[in-house]
Amino acid sequence: MLSVKAPCRRSSTIRSIVTVPTILVVGLLLATASTAQNADDVKVATAKKAAEPQGILPIGSDGKPLNLDFETGTLKDWTAEGDAFKDQPIKGEIDQNRDFGDGKRSRLQGDYWIGGYEKHKDPPTGTLTSAAFKVTHPFAAFRVGGGSFRETRVELVLKESGKPFLIASGTNHEDMLPVVVDLRRQKGHEIFIRIVDQHTGGWGHVNFDDFRFYDAKPIFDTTGAPSTQDVYLHAGLSPDEAAKAMTLP
């Protein structure tokens, strides 16, 4: 007589018992690894921030730091003319859903920056002028991006003459790159910042952020950034004054 055994269900039960805890353990390990990676990323970002040159904001006539990094979230200490800088500053990074925003970054410092394209795009023109302040340190730096034209520029201006001694423009990239300024000749004098947008076509805008003083010439990490923007030194000097100020090779 042929003997037939019923199929054993015990092994599948054991497999199910073993499989569920195994999935849970693997999930916990992956979550732990992800948390550790995030923590490492935060540590790296914090270390990079700590390694950056630490400047200070210029002091205004009221004895308080001027809003030259826009971290008040307003245009306090600035005067706007025209519409180019209406509804500024911008909070956070570039909106990746706006026109041509995909993949673009501003390289802002802190939470706020001037993004000339972000609200009204290229057509508007105007100026944004800071309050005057005394030069108290030998070096300064700020960040500029946007159009590479002379019509889209940042000027540092001597208050007593009203003439710019430095002009900087972007590189037709949204990325704001640092411009380091030697202020030893201007130390003790009052200056102000003027951001100018007189261009209405493509790249007709200026991005700007974070003007600060430094005790020594600052060095910034620009890894992965586009090429350096145009800088015009001694732009407002007479020929004789320019000859005295220029540095020969």
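Check the entry above for the structure.
About the criteria used
Residues numbered from 1 in each chain as written. Predicted model: local features only at pLDDT ≥ 70, side-chain atom pairs only at ≥ 80, totals over all residues. Heavy atoms only, no water. Helix = DSSP H or I, 4+ residues; strand = E, 2+ residues; numbered from the N terminus. Buried < 20%, exposed > 50% of the residue type's maximum accessible area, 1.4 Å probe, protein only. Contact = heavy atoms within 4.5 Å. Areas by Shrake-Rupley, 256 points an atom, 1.4 Å probe, with all protein chains shown as cover. Phe/Tyr/Trp six-rings, centres within 6.5 Å; stacked < 30°, edge-to-face > 60°. Polar contact = N/O pair within 3.5 Å; in protein donor to acceptor, adjacent residues only side chain to side chain. Pairing = 2+ DSSP bridges. Salt bridge = Lys/Arg side-chain N within 4 Å of Asp/Glu carboxyl O.

(A) Structural detail: the overall build of the chain. Counting its regular elements, the chain contains 2 helices and 12 strands. Ordered by position from N to C terminus, the α and β elements of the chain give α-β-β-β-β-β-β-β-β-β-β-β-β-α. Evaluated residue by residue, the chain yields a buried proportion of 39% over its 249 residues. Counting contacts in the chain only where the partners sit at least 6 residues apart, residues at least 24 apart contribute 78% of the total. Put simply, the chain shows about 14,600 Å² of open surface, and 56% of that area lies on carbon and sulfur atoms.

(B) How the structure looks around the packing of aromatic side chains. Under the criterion given, the structure shown has 9 aromatic pairs. Taken together, a centroid distance of 5.9 Å and an interplanar angle of 65 degrees make the contact between Phe133 and Phe213 edge-to-face. Here Phe133 is found in strand 5 (residues 133-134), whereas its partner Phe213 is found in strand 11 (residues 206-214), with 80 residues between them in sequence. For the pair Phe133 and Phe213, one class covers both residues: buried. An aromatic cluster is present here, built from Phe70, Trp78, Phe133, Phe142, Phe208, Phe211 and Phe213 joined pairwise through their rings.

(C) Quick look at the side chain of Glu118. Structurally, the position occupied by Glu118 is in the loop between strand 3 (112-115) and strand 4 (126-130). Its relative accessible area of 19% is what places Glu118 among the buried residues. Within polar-contact distance, the side chain of Glu118 engages the side chain of Arg98 at 2.8 Å. Beyond its immediate stretch of four places on either side in the chain, Glu118 contacts Ile90, Ile94, Asp95, Arg98, Trp113 and Glu174.

(D) Structural context of the pairing of strand 7 (residues 152-158). Of all the 7 residues making up strand 7, 7 are buried; the element is thus mostly covered by neighbouring parts of the structure. Because side chains alternate across strand 7, one face comprises the buried residues Thr152, Val154, Leu156 and Leu158, and the other comprises Arg153, Glu155 and Val157, equally buried. Between strand 7 and strand 8 (residues 164-168), which follow one another and run antiparallel, lie 5 residues, and Gly162 among them has a positive phi close to 75 degrees.

(E) Fine view of the environment of Thr152. The residue Thr152 is located in strand 7 in this model. Overall, Thr152 belongs to the buried group, its relative accessible area being 1%. Thr152 sits 52 residues away from Gly204 along the chain, and the two C-alpha atoms are 6.5 Å apart. If near-sequence neighbours (up to four positions away) are discounted, Thr152 is found in contact with Gly147, Ala168, Ser169, Val196, Asp197, His199, Trp203, Gly204, His205 and Val206. Looking at Thr152, its side chain comes within polar contact range of the main-chain oxygen of Gly147, at 3.1 Å.

(F) Layout of the environment of Ser169. Looking at the secondary structure, you find Ser169 in the loop between strand 8 and strand 9 (173-182). Residue classification places Ser169 among the buried residues on the basis of a relative accessible area of 0%. The sequence separation of Ser169 and Phe149 amounts to 20 residues, and the corresponding C-alpha distance is 6.6 Å. With sequence-adjacent residues up to four places away left out, Ser169 is seen in contact with Val144, Gly147, Ser148, Phe149, Arg150, Thr152, Arg153, Gln229 and Asp230. A polar contact is formed between the side chain of Ser169 and the backbone oxygen of Phe149, at a distance of 3.0 Å. A polar contact of 3.0 Å, which involves the side chain of Ser169, links it to the backbone oxygen of Thr152.

(G) Focus on the pattern of salt bridges. Tallied over the entire structure, the rule returns 11 salt bridges. Asp77 is the partner of Lys76 in a salt bridge, and the nearest nitrogen-oxygen pair spans 3.3 Å. The exposure class assigned to Lys76 is partly exposed, which follows from its relative accessible area of 42%. Within this structure, Asp69, Asp210 and Arg212 form a network of salt bridges that share partners.

(H) Examining the sheet that holds strand 9 more closely. Ordered in space as 2-3-11-6-9, the 5 strands form an open sheet in which the pairing is antiparallel. Two strands in the sheet have a free side with no partner beyond their single neighbour: strand 2 (90-91) and strand 9. Here strand 6 (residues 139-146) pairs with strand 11 via 7 bridges, running antiparallel. Across the sheet, Phe139 pairs through a bridge with Tyr214, a residue of strand 11.

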